[in-house]
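Overview (structure and organization)
Given next are the chains, with one letter for each unit.
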Amino acid sequence: MSAYLVLIGLVVLERLAELVVARRNLAWARSRGGVEYGRRHFPWIVLAHVVLLAAAPTEVWLLGRPFVPLLGWPMLAVVVLAQGLRWWCVGTLGRQWNTRVVVVPGLPLVHSGPYRWLRHPNYVAVVAEGLALPLVHTAWLTALAFTAANAVLLTVRIHVENAALARELIG
């Protein structure tokens, strides 16, 4: 359990680093006329991720979920790979990356890095991590609940993002 808490703590630190980068990029985008879309759904995304990071270790502790090596080690690998994909997205988008949907008028769509193959690779990382992180320590209830909530939130988010990009690129 203590190793799992360390893992959760590392993911929390990663999220805090994301917020620092996002805040800096948001200031940059706004200084260049960046427009934010989908503000109403953003707090729900934040809440879902906070609940994920609290619920997974709570489920392990309260329900005595064991570490099952045949499940835990592959899920840990998925978590690590998801972090790699996430930061590849951040690096590829540079200052255009954000936790919010912010579009700077006049900037072209990025088609390099993982965006060569996927329209929303960062969300692949989010889905993979949201399922795998709880399953590292068999917190399957958290994995199911987060995955369901995340599916709804990402459906909204991707719709907002696609509409924002279409509006800015066409408009």
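This section reports on the structure supplied with the text. The residue count restarts for each chain, going from 1 along the sequence in the order it is written. Residues qualify for local features only when their pLDDT is at least 70, as the model is predicted, and side-chain atom pairs are given and counted only at 80 or more; totals for whole chains, interfaces and linings, by contrast, use all residues. Side-chain numbers here rest on the full set of heavy atoms in the structure, without hydrogens or water.

Structural notes on the nonpolar core
Throughout this description, the term nonpolar core refers to a set of buried Ala, Val, Leu, Ile, Met, Phe, Trp, Tyr and Cys residues connected via side-chain atoms within 4.5 Å. Each residue is assigned to one of three classes by its accessible area relative to the maximum for its type, calculated with a 1.4 Å probe on protein chains only: buried under 20%, partly exposed between the two thresholds, exposed over 50%. Residues Tyr4, Ile8, Leu133 and Val136 are the most contacted members of the largest nonpolar core, which totals 15 residues. Helix and strand definitions here come from DSSP, where helices need a minimum of 4 consecutive H or I residues and strands a minimum of 2 consecutive E residues; each element is numbered from the N-terminal end. Top element by residues in this core is helix α1 (residues 2–31). It accounts for four residues. Contact between two residues is taken to exist if any of their heavy atoms lie within 4.5 Å; hydrogens are not considered. Every residue in contact with Tyr4, bar those within four places of it in the chain, is listed here: Ala56, Pro57, Val60, Leu133, Pro134, Val136 and His137. Residues Val21, Leu85, Cys89 and Tyr115 belong to the second largest nonpolar core, which totals 11 residues.

Overview of the pattern of salt bridges
Salt bridges are counted wherever a side-chain nitrogen of Lys or Arg sits within 4 Å of a carboxyl oxygen of Asp or Glu. What the rule picks out here adds up to 10 salt bridges. Glu14 is the partner of Arg15 in a salt bridge, and the nearest nitrogen-oxygen pair spans 2.9 Å. A relative accessible area of 11% means that Glu14 is categorised as buried. Ionic pairing is found between Arg39 and Glu36, a salt bridge with its closest N-O pair at 3.3 Å. Linked through salt bridges whose partners overlap, the residues forming this network are Glu14, Arg15, Glu18, Arg86 and Glu129.

Let's talk about the packing of aromatic side chains
What characterises a pair of aromatic rings is the spacing of the ring centres plus the angle enclosed by the ring planes. In this scheme Phe, Tyr and Trp rings, the latter by its six-membered ring, pair at centre separations within 6.5 Å, and the angle between planes marks the pair as stacked below 30 degrees, edge-to-face above 60, and tilted otherwise. For the coordinates displayed, the defined rule picks out two aromatic pairs. The interplanar angle of 80 degrees and the centroid separation of 5.3 Å between the aromatic rings of Phe67 and Trp73 together place this pair among those described as edge-to-face. For Trp73, a relative accessible area of 53% corresponds to the exposed category. Ring plane angle 55 degrees and centroid distance 6.1 Å describe the contact between Trp88 and Trp117, whose orientation is recorded as tilted. Taken together, the positions of Trp88 in helix α3 (residues 69–93) and Trp117 in the loop between β2 (101–103) and α4 (121–135) put the pair 29 residues apart, joining distant regions of the chain.

Some remarks on α4
In this scheme, a helix's expected span is set at 1.5 Å multiplied by one less than its residue total. The end-to-end C-alpha distance of α4 is 21 Å, a good match for the 21 Å that 15 residues give at a rise of 1.5 Å each. The buried count for α4 comes to 11 of 15 residues, which makes it a mostly enclosed element. Residues Pro121, Asn122, Tyr123, Ala125, Val126, Glu129, Gly130, Ala132, Leu133, Pro134 and Leu135 constitute the buried set of α4.

Details of the side chain of Thr92
With respect to the helices, strands and loops of the structure, Thr92 is situated in helix α3. Throughout this description, a polar contact denotes any pair of N or O atoms lying within 3.5 Å of each other; where both atoms belong to protein, one of them has to be capable of donating a hydrogen while the other can accept it, and for residues adjacent in sequence the pair is counted only when both atoms sit in side chains. From its side chain, Thr92 meets the backbone oxygen of Trp88 in a polar contact 2.7 Å long. Once you skip the residues sitting within four places of it in the chain, Thr92 turns out to touch Val110, Ser112, Gly113, Pro114 and Tyr115.

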